[in-house]
Amino acid sequence: MVPSTVSRMPRRSVTVRVAATLAALALGAGLAACADTTRIPPAPTDTGAAEPLFASDEEALAAAVAAYEEYAAVVDALLARDAPTTQLREVAEIKIAESTEAEIEEFLGGGYTATAPREISASQLQGRISEEDGSELVVLYVCEDLTNVDVVDEAGESVVGERTNPRTEIEVVIRVKPDFEGVVTEREVWNGSGICA
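Reading the values: the criteria
- Residues numbered from 1 in each chain as written.
- Predicted model: local features only at pLDDT ≥ 70, side-chain atom pairs only at ≥ 80, totals over all residues.
- Heavy atoms only, no water.
- Disulfide = S-S within 2.5 Å.
- Helix = DSSP H or I, 4+ residues; strand = E, 2+ residues; numbered from the N terminus.
- Buried < 20%, exposed > 50% of the residue type's maximum accessible area, 1.4 Å probe, protein only.
- Core = buried A, V, L, I, M, F, W, Y, C linked by side-chain atoms within 4.5 Å.
- Contact = heavy atoms within 4.5 Å.

### Regarding the state of the cysteines
Here is step 1 of the chain: Under the counting rule described, the total for this entry stands at 1 disulfide.
Here is step 2 of the chain: Sulfur-sulfur distance for the disulfide between Cys143 and Cys196 comes to 2.1 Å. The sign of the S-S torsion, about 115 degrees, decides the handedness of the disulfide formed by Cys143 and Cys196: right-handed. Remark: Cys196 occurs in the segment after strand 7 (182-190) and Cys143 occurs in strand 4 (residues 136-145); sequence separation between them is 53 residues.

Structure, rendered in structure tokens:
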């Protein structure tokens, strides 16, 4: 049942609140922060820098997108009250995993369910940073589309009003380990343009 503090609000307030929750949860953790430029420094160019893990930008981007899609699938399954085949802490580093888990718990505790997974419709490489341990940080932009995503309450009624733009550009940092397993380390809304065009 929706908490009593929410149920006493006017219907429009519930819609606004849940739409905000959808933005914070269906899209994942870390959406409170926004940036118009990346926060990640450029890869070092000195000759002493570690060897890149990937032979090309295309390989790095493909691996990062695959890792992010796995993370998104786990989050989306949890929001839909389905049991994911992979645990969140297997696809995200501890800090972002903990914050995402807390937000998902709040979302589900309110009696809400997401009806469908997001669509990742585009991606673009921003940069790569080789690390001393042989891993590589891959920074990318993705477009997340919530066109087919709704949020319903315990009665099965939609609680999300009309969205003027269901697509959001996100900046993501993936740590790809030497065994080529990738985990999400950071993500935030990016206030640039062109990714979702």
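From this point, the discussion proceeds with the structure in view.
### A look at unusual backbone geometry
Here is step 1 of the chain: Even without being glycine, Arg81 reaches a positive phi, approximately 65 degrees.
Here is step 2 of the chain: We classify Arg81 as partly exposed; its relative accessible area is 43%.
Here is step 3 of the chain: With phi around 70 degrees, Phe180 is a residue other than glycine that occupies positive phi space.
Here is step 4 of the chain: Relative to the helices and strands, Phe180 resides in the loop between strand 6 (167-176) and strand 7.

### Description of the nonpolar core
As a rule of thumb, nonpolar side chains are buried together in soluble globular proteins.
Here is step 1 of the chain: Within the largest apolar cluster, 35 residues are counted, with the highest numbers of intra-cluster contacts made by Tyr68, Tyr71, Leu140, Val172, Ile174 and Val184.
Here is step 2 of the chain: Considering every element that reaches this core, the biggest residue donor is helix 3 (residues 57-79), with 11 residues.
Here is step 3 of the chain: Setting aside residues up to four positions removed in sequence, Val172 forms contacts with Tyr68, Val138, Val139, Leu140, Val142, Val184, Glu186 and Arg187.
Here is step 4 of the chain: Tyr141, Trp190, Ile195 and Cys196 belong to the second-largest nonpolar core, a separate cluster that totals 5 residues.

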